[in-house]
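For reference, the chains in residue letters:
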Amino acid sequence: SSGAIMETYSSAVVKPMGIAIDASGNMWVANNNGIITELSPSGGTYTSTTYNVGGTPWGIAVDASGNVWVTNYAGVAGGSNSITKLSPSGGTYTSTTYNVGEMAEYIGIAVDASGNIWLANIGDTVVKFNPSSETAQTYNVVGGNGLYGIAIDGSGNVWVTNNNINTVTELSSTGNVLGTYTVASNPTGIAADASENIWVANLGTNSVTKLSPAAGGTYNINTYPTT
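Predicted model only: the values in this text are computed from it and were never measured.

1. Considerations on the overall build of the chain
Scanning the chain from terminus to terminus reveals zero helices and 20 strands. Taken over the C-alpha trace, the chain has a radius of gyration of 17 Å; the compact-globule value for 227 residues is 17 Å, and the two agree within 12%. C-alpha extents for the chain along the principal axes are approximately 50 × 50 × 30 Å. Scored against the burial criterion, the 227 residues of the chain give a buried share of 44%. For the chain, contacts bridging at least 24 residues in sequence account for 30% of all contacts bridging at least 6. Only carbon and sulfur atoms are counted for the fraction: they give 48% of the accessible area of the chain, which is about 10600 Å². Across the chain, 4 positive and 13 negative side-chain charges occur, with their mean positions spaced 2 Å apart.

This is the structure in structure tokens:
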């Protein structure tokens, strides 16, 4: 691959902050102007549909039932403790907004294998929200600072990036801290692959860090430039 940009779609994408892909290959984009854009494969290109959810969407994730979940980041003092669900309904989507946990500035969002929604507060907490019971549990991330990204690995452990202190923290599904690892400068996005590797996007150094499982429950850490 030459690394060249092959296709760009911008007609319905404004101030994009987060992106997710559903099981049908549709791309979902959270736009900071209160709009969610669905880009659907169609004849070798993509068609777009937009949904107005209000607020300032940032993080976005899709669950196993095809529901699209969005964080409503306030970015102001006091924050916002709401998330919005877009649910498939007769070929379109209906939206429902939930107040979850503390008043916070939620950015990252992820869905675990049981359908729980996990949220990263830019402060030092994560929230686990159960959509069925509409109950939330808040966990303090000891040593956390500036939580941006959040991901769930294959074992159900939760990973968050600490943007302000250049680390990532691993938590159990019950919120216990399992480990903290130093990466590069200003980690933001985070993802887990099928081999249990954890990948981190480092905003401050134009790099990605790979944490690979090693003996004794630790991780080998390697950082690669992206430029």
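2. Observations regarding the environment of T205
Mapped onto the secondary structure, T205 falls in the loop between β18 (198–202) and β19 (207–213). For T205, a relative accessible area of 37% translates into the label partly exposed. Each C-alpha atom, one on T205 and one on T49, is 35 Å from the other, the two residues being 156 residues apart in sequence.

3. Structural notes on the side chain of S82
When you line up the elements, S82 lands in strand β7 (residues 82–89). Take S82: its relative accessible area is 10%, and that puts it in the buried class. At 3.0 Å, the side chain of S82 and the side chain of N72 are in polar contact. Filtering out sequence-adjacent residues up to four positions away, S82 remains in contact with T71, N72, T97, Y98 and N99.

4. Observations concerning the sheet that holds strand β13 (residues 147–152)
Spatial ordering of the open sheet is given by β13-β14-β15-β16, a layout of four strands whose pairing is antiparallel. If you trace the sheet from one side to the other, it starts and ends with β13 and β16 (177–182), each paired once. When the angles between neighbouring strand axes are averaged without regard to direction, this sheet yields 20°. Judged from the four bridges that link them, β13 and strand β14 (residues 158–162) form a sheet pairing that is antiparallel. Across the sheet, residue L147 finds its bridge partner in β14, namely N162.

5. Describing the side chain of N116
Mapped onto the elements of the fold, N116 is located in the loop between β9 (106–111) and β10 (117–121). What makes N116 buried here is its relative accessible area of 10%. When sequence neighbours within four positions are dropped, the list of residues in contact with N116 reads A110, V111, K128, F129, N130 and P131.

About the cut-offs
- Residues numbered from 1 in each chain as written.
- Predicted model: local features only at pLDDT ≥ 70, side-chain atom pairs only at ≥ 80, totals over all residues.
- Heavy atoms only, no water.
- Helix = DSSP H or I, 4+ residues; strand = E, 2+ residues; numbered from the N terminus.
- Rg over C-alpha atoms; globule rule 2.2 N^0.38 Å.
- Buried < 20%, exposed > 50% of the residue type's maximum accessible area, 1.4 Å probe, protein only.
- Contact = heavy atoms within 4.5 Å.
- Areas by Shrake-Rupley, 256 points an atom, 1.4 Å probe, with all protein chains shown as cover.
- Lys, Arg positive; Asp, Glu negative; His and termini not counted.
- Charge placed at Lys NZ, Arg CZ, Asp CG, Glu CD.
- Polar contact = N/O pair within 3.5 Å; in protein donor to acceptor, adjacent residues only side chain to side chain.
- Pairing = 2+ DSSP bridges.
- Axes fitted to C-alpha atoms, helices over the stretch in contact; angles between N-to-C directions.

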